[in-house]
Every structure is written in structure tokens, then in C-alpha cells.
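# Commentary on secondary and tertiary structure
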Amino acid sequence: MLIVPEREIAELMTREAAFDAVERVFAAMAAGEADNFPVIREAIGHEDALYGFKGGFDRAGLTLGLKAGGYWPGNLSKHGLINHQSTVFLFDPDTGRAKAMVGGNLLTALRTAAASSVSIRHLARKDARVIGMIGAGHQATYQLRAALEQREFEKVIGWNLHPEMLYSLEAIAAEAGLPFEAVGLDVIISITSSFDPILMAGQVSPGTHIACMGTDTRGKQELDPQLLVRASIYTDEVAQSVSIGEAQHAVQMGLIAQSDIAQLGAVINGTDPGRSSDDQITLFDGTGVGLQDLAVAAAVVDLAIEKGVAIEVDI
Ligand code: NAD
């Protein structure tokens, strides 16, 4: 079995490679060539942590495995560690033998940013110039950096419940030579750990694309359910969107049906038209699927072997 430690990932994985891996696996899912297994995500009653497993099998890419990990909200303040902690395990689909164990922390940030970027590339208006961020935690900087590569953005604005955290977004905007201020928005990424709606239907203009990335657990919520009524909804995985994603609330309230939600992969494959007018609000409910983790982990294992940094062990 190979081990690719967390410390090697930054040197191996690029934003471009993560984008390609996630776009490819979303397309495979929509084509029926790859399946995610049901997600297990539970409050463990210790340190307010949420812990679980996301797994799947990509028959096209022959990637089988799972990501184990979760969210420890006190990690940063108590231990100086990031709040998300995870490890990806890949298995040989021909024999079931463990193939690789890969540090999953940076990969999670890169694959989550890649998912919203894939949604922006395929669904946002081509003339989008202003991007808004809701949330300024660990994931938010990765989200913004990746999103800025998808359109010719001219302005970045950010809102965060804890305004003292906004400097991190301002720094990414400055890195791209963009001003950071408050105006109308064309593309919004929400990536908070909120359990209540923070973006209301009346606050979003026609034509906006929203990548709603923070809601990945039962009970979490970032958007007013009425916003889902106004929007054309796309997701990574419909089953996750209605159970642990942003759509869970609007579906439970009977405002929308599961059949109102389409796969982003279908847009990538050209079987769904995606955005059909400049007035349409498009919404990507990014719940985070196991196949995303496996796609980036498999890519990183290949790179680690190529560069001679994978550690080989017997199990
Ligand atoms: P973090 O703890 O570093 O940051 C949390 C952010 O949420 C901060 O901006 C904080 O100010 C804000 N926040 C906290 N409580 C809030 C509230 N009640 N209302 C509004 N904002 C609030 O976390 P992170 O690593 O940046 O992750 C953010 C969210 O993204 C989490 O919910 C996490 O589970 C989720 N996530 C989703 C995916 C996916 O694939 N969709 C992947 C990774 C993380």
C-alpha cells in the first residue's frame, strides 16, 4: 500500500488538476458510470464534532474507496489545526486490497473549490464581473482563488458573520489585483457553517449564479428556501442535495420537488442546457461527494509515484 502524506499534497496537486478531476467525475456520475455510496455523517457527542464516511466507485476511472473524517469546530482555536480533518483510502477494484492512504485536508479544500468553480464555468453568465463571498473561514480562500480563474472578474465583495475574518478574502482579491468592496453581485459563493438562512430571496438579482457550498449536513442552512423556488437548481448528487444539502429545507417544506434538481454533470455532458437566459438565477448545491475525493486522491497518487514521494508499506 502507498502512503501520500498531507505534507506532500501541496507540491503535487494543482487547482487545474483538481478542476479536471472533479469535472470528469461529475460527468461520469451524470452518465451513470460512477456511483456515490450513502453518506454517513454523525455528531459523535465529543468536541461538537461531526464525523463520517463518503465513498463510491467510478467504473470509468476504476477508482474505489472512501474518505473518513469530519469537522471539529474548535480545532483552530484550541489546537491551531484546521477544523476539517480527513484521510482518503483507495482500494484496488479488482481485488479489494488497500491501495493507498492519502492525506485529505488540502485535497478537500481543493476539490470543494473545484466543484464551485466547475459550476461557475458551466452556469454563470459569461459577462459576470462581480463576485460575492459569504463566509471567510478555511475553505473560503480556496473557493475565491479558484473562482477568480473562471471569469474576468473585476470586483470581489465579502460578507461574514465574523467581520474580523474578512481580511483573508481581501488578501486573495489583492493577490489578483482586484478591489474588495460592496456592490451588486453576479456570482455568489456561500461557504459558512450556518444552521439558519443568511441569504434571502429578495437579496439576489436576476441572472445571479450562487454556488452554495457550506451546507453538507442535515440541519445546516445558508439560503432562504424561497431562493430555491426562484432558481434553476443543479447539484453534484441529487440524493445528497435533498438529504444533507441546501435543498433539504425547500423539499421538506414542499416548496420544490426532487425532480426540480438537476445534476451539474449533465450540463458538462451537454444533456442539460444549463443556463438558458441572462435573467435566470442558477444555483449549485455543492454537497461534496465521495467520488470527488477519490478523483483528486487518485490523481495525487499517480503524481506521488511519478515524483517518487509515495511511501510504500506492507499491511
Ligand atoms: P471554518 O470553521 O473555517 O469557517 C466557518 C465560516 O462560517 C466562517 O466564515 C464563520 O464566520 C461562518 N459562520 C459560522 N457560523 C455562522 C452562522 N451562524 N452564520 C453565518 N456564518 C457563520 O469552516 P470551513 O472549513 O471554511 O467550512 C465552511 C463550511 O463548508 C462548513 O459548513 C463545512 O462543513 C462546509 N464544507 C462543505 C464542503 C462541500 O463539499 N460542500 C466541503 C468542505 C466544507
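See above for the structure.
Please read all numbers here as calculations on a predicted model, not as lab measurements.

Another aspect to go through is the nonpolar core. Core analysis: the biggest nonpolar cluster contains 62 residues, and Phe 26, Val 102, Ile 131 and Ile 189 have the highest contact counts within it. The element that contributes the greatest number of residues to this core is helix H11 (residues 290–306), accounting for 9 residues. In this structure, Ile 189 is in contact with Ser 116, Ile 120, Ile 131, Gly 132, Met 133, Ile 134, Gln 143, Ala 147, Ala 211 and Met 213, ignoring residues within four places of it in sequence. The next biggest cluster of nonpolar side chains, apart from the first, holds 20 residues, and it includes Ile 210, Leu 223, Val 242 and Ile 261.

With that out of the way, let us pick up the site of the ligand. Taken together, 27 residues lie around the ligand, and Tyr 71, Arg 111, Asn 160, His 162 and Gly 286 are the ones closest in. With respect to the ligand, the backbone of Ala 136 contributes an N or O atom lying 2.8 Å from an oxygen atom. In isolation the ligand offers 870 Å² of accessible surface; the protein chains occlude 90% of this area. Spatially, the ligand is embedded in the largest pocket. At the level of elements, helix H4 (105–123) and helix H5 (138–147) are the ones that each hand at least two residues to the shell around the ligand. Classifying every residue of the shell around the ligand by side-chain character gives 7 nonpolar, 16 polar and 4 charged.

A word on the environment of Leu 161. If you trace the backbone, Leu 161 turns up in the loop between strand E9 (155–159) and helix H6 (167–175). Overall, Leu 161 belongs to the exposed group, its relative accessible area being 59%. Put simply, Leu 161 and Pro 206 are 45 residues apart on the chain and 25 Å apart in space, counted from C-alpha to C-alpha.

Below, the discussion takes up the pairing of E9. Relative to E9, strand E8 (residues 130–134) runs parallel, the two being bridged by 5 bridges. Bridge pairing links Ile 134 to Trp 159 in E9.

Basis of the calculations
Residues numbered from 1 in each chain as written. Predicted model: local features only at pLDDT ≥ 70, side-chain atom pairs only at ≥ 80, totals over all residues. Heavy atoms only, no water. Core = buried A, V, L, I, M, F, W, Y, C linked by side-chain atoms within 4.5 Å. Buried < 20%, exposed > 50% of the residue type's maximum accessible area, 1.4 Å probe, protein only. Helix = DSSP H or I, 4+ residues; strand = E, 2+ residues; numbered from the N terminus. Contact = heavy atoms within 4.5 Å. Near = heavy atom within 4 Å. Polar contact = N/O pair within 3.5 Å; in protein donor to acceptor, adjacent residues only side chain to side chain. Areas by Shrake-Rupley, 256 points an atom, 1.4 Å probe, with all protein chains shown as cover. 1 Å grid on protein atoms, 1.4 Å probe; cavity = no way out; pocket = protein on both sides within 12 Å on 5 of 7 lines; lining within 4 Å. Sits in = over half its atoms within 2 Å of the grid points. Nonpolar A, V, L, I, M, F, W, Y, C, P; charged D, E, K, R; others polar. Pairing = 2+ DSSP bridges.

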